[in-house]
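Breakdown of the fold
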Amino acid sequence: DAKTTQPNSMESNEEEPVHLPCNHSTISGTDYIHWYRQLPSQGPEYVIHGLTSNVNNRMASLAIAEDRKSSTLILHRATLRDAAVYYCSPQGYGNKLVFGAGTILRVKS
Amino acid sequence: DTGVSQNPRHKITKRGQNVTFRCDPISEHNRLYWYRQTLGQGPEFLTYFQNEAQLEKSRLLSDRFSAERPKGSFSTLEIQRTEQGDSAMYLCASSLVSGEKLFFGSGTQLSVL
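As a starting point, this report considers the structure included with it. (Residues numbered from 1 in each chain as written. Chains lettered and ligands numbered in written order. Predicted model: local features only at pLDDT ≥ 70, side-chain atom pairs only at ≥ 80, totals over all residues. Heavy atoms only, no water.)

**Section: the overall build of chain B**
- When its secondary structure is counted, chain B shows 0 helices and 11 strands.
- Ordered by position from N to C terminus, the α and β elements of chain B give β-β-β-β-β-β-β-β-β-β-β.
- Computed over the C-alpha atoms, the radius of gyration of chain B is 13 Å, within 12% of the 13 Å expected from 2.2 N^0.38 for a compact globule of 113 residues.
- Of all 113 residues assigned to chain B, the portion counted as buried reaches 46%.
- Here the contacts in chain B between residues at least 6 apart in sequence split such that 52% fall between residues at least 24 apart.
- Of the charged side chains in chain B, 14 are positive and 12 negative, and the gap between their average positions amounts to 6 Å. (Helix = DSSP H or I, 4+ residues; strand = E, 2+ residues; numbered from the N terminus. Rg over C-alpha atoms; globule rule 2.2 N^0.38 Å. Buried < 20%, exposed > 50% of the residue type's maximum accessible area, 1.4 Å probe, protein only. Contact = heavy atoms within 4.5 Å. Lys, Arg positive; Asp, Glu negative; His and termini not counted. Charge placed at Lys NZ, Arg CZ, Asp CG, Glu CD.)

Below is the structure:
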């Protein structure tokens with residue numbers, strides 16, 4: 001299974017953009033890159049995923065490096081509700097996700 | 001779409017007892033996954049089903065753990081002879097097809113005393 005590396009924690013001010021990095025240097029060529037976030041006492045929630053091109057949805061943007069060894073989740077204007085643990089995961093064989101410890105995002109008002 | 005439902009939300013048991021958790025996926029989803037999560041860690045993959053077939057089991061799933069999805073709908077995860085190290089959040093997720101996003105339930109929090 002491909003491994004991921006993310007910062008343990010990051011901090012942002014409310015209404016400012018946040019860039020959450022993820023290294024996945026062992027990703028295989030056909031694996032999608034998924035991002036999920038998790039609030040306390042809840043299951044992870046899907047944020048965004050992509051394969052090669054940058055992706056946008058109503059929650060966030062995903063920038064994928066040309067060599068696919070890293071990606072960045074972009075929250076354009078962080079709100080207090082975005083405070084969560086963010087996980088990136090390659091989507092490997094069988095569609096399963098392999099999570100690391102994630103990044104704790106703190107948002108200051 | 002009522003989401004993925006897990007029952008019970010919380011379970012407290014004594015060491016050595018057997019416990020069973022249930023997961024009801026989103027109705028048309030044919031893939032179902034079980035994960036385990038301990039405090040401060042990301043979810044760890046345990047096993048997954050495509051319809052009623054169990055296609056992969058993690059080495060984390062010892063002989064005391066068994067999962068079933070008999071009719072390709074709901075699934076159960078049973079832990080026999082529970083140990084204190086089994087205390088964790090057990091998460092279930094489902095997806096429609098391969099390559100699609102996973103929908104997670106809120107989990108079952110197991111505490112083994």
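**Re the interface of chain B and chain A**
- With 23 residues of chain B at the interface, the matching set in chain A holds 19 residues.
- Between chain B and chain A lies a buried interface of about 1600 Å² when both sides are counted; carbon and sulfur atoms form 52% of it.
- Linking chain B with chain A are 1 salt bridge.
- Put simply, Lys96 of chain A and Glu56 of chain B hold a salt bridge, and the shortest N to O gap is 2.5 Å.
- Taken together, the links from chain B to chain A amount to 6 residue pairs in polar contact (both at pLDDT 80 or more).
- Of all the secondary-structure elements, those providing two or more residues to the side of chain B that touches chain A are β4 (31–37), β5 (44–50) and β9 (88–95) of chain B.
- Counting residues per element, the side of chain B that touches chain A draws most heavily on β4 of chain B, which supplies 4 residues.
- For the side of chain B that touches chain A, the class distribution of residues is 9 nonpolar, 9 polar and 5 charged. (Buried area = accessible area lost by both parts, 1.4 Å probe. Salt bridge = Lys/Arg side-chain N within 4 Å of Asp/Glu carboxyl O. Polar contact = N/O pair within 3.5 Å; in protein donor to acceptor, adjacent residues only side chain to side chain. Nonpolar A, V, L, I, M, F, W, Y, C, P; charged D, E, K, R; others polar.)

**Looking at the layout of surface pockets**
- Roughly 540 Å³ of volume is contained in the largest pocket.
- For the lining of the largest pocket, the elements supplying multiple residues, two or more each, are β8 (84–91) of chain A together with β9 of chain B.
- When residues of the lining of the largest pocket are assigned to their parent elements, the largest contribution, 3 residues, is made by β8 of chain A.
- Considered class by class, the residues forming the lining of the largest pocket number 10 nonpolar, 13 polar and 1 charged.
- Taken as a whole, the second largest pocket holds about 320 Å³ of empty space.
- Every residue lining the second largest pocket is counted, 17 residues in all, and those nearest its centre are Lys3 and Val98 of chain A together with Glu44, Phe45 and Leu60 of chain B.
- Tallied by class, the residues present in the lining of the second largest pocket amount to 8 nonpolar, 4 polar and 5 charged. (1 Å grid on protein atoms, 1.4 Å probe; cavity = no way out; pocket = protein on both sides within 12 Å on 5 of 7 lines; lining within 4 Å. Points joined across faces, edges and corners; volume = space filled by probe spheres on them.)

**A look at the side chain of Gln91 of chain A**
- Within the fold, Gln91 of chain A resides in strand β8.
- At a separation of 3.4 Å, a polar atom in the side chain of Gln91 of chain A contacts the side chain of His34 of chain A.

**Focus: the sheet that holds strand β3 (residues 19–24) of chain B**
All names here are of chain B.
- The antiparallel open sheet is built from 4 strands, whose spatial order is β1-β3-β8-β7. Of all strands in the sheet, those bounded by a partner on one side alone are β1 (5–7) and β7 (65–68). Ignoring strand direction, the axes of neighbouring strands in this sheet form an average angle of 15°. (Pairing = 2+ DSSP bridges. Axes fitted to C-alpha atoms, helices over the stretch in contact; angles between N-to-C directions.)

**Overview of the packing of aromatic side chains**
- Taken as a whole, this structure holds 11 aromatic pairs over all chains when the rule is applied.
- Pairing Tyr36 of chain A with Tyr46 of chain A gives two aromatic rings, centres 5.7 Å apart and planes at 75°, and the pair type is edge-to-face. One end of the pair, Tyr36 of chain A, is in strand β3 (residues 32–38); the other, Tyr46 of chain A, is in strand β4 (residues 45–50), with 10 residues separating them in the sequence. With respect to class, Tyr36 of chain A is no different from Tyr46 of chain A; both count as buried.
- Ring centres of Phe21 of chain B and Tyr90 of chain B lie 5.4 Å apart, and the angle between their planes is 40°; on these two criteria the pair is classed as tilted. One end of the pair, Phe21 of chain B, is in strand β3; the other, Tyr90 of chain B, is in strand β9, with 69 residues separating them in the sequence.
- Phe21 of chain B sits in the buried class, given a relative accessible area of 0%.
- On the accessibility criterion, Tyr90 of chain B (0% relative accessible area) is buried. (Phe/Tyr/Trp six-rings, centres within 6.5 Å; stacked < 30°, edge-to-face > 60°.)

Take it as geometry only, folks, not as evidence of what the structure does.
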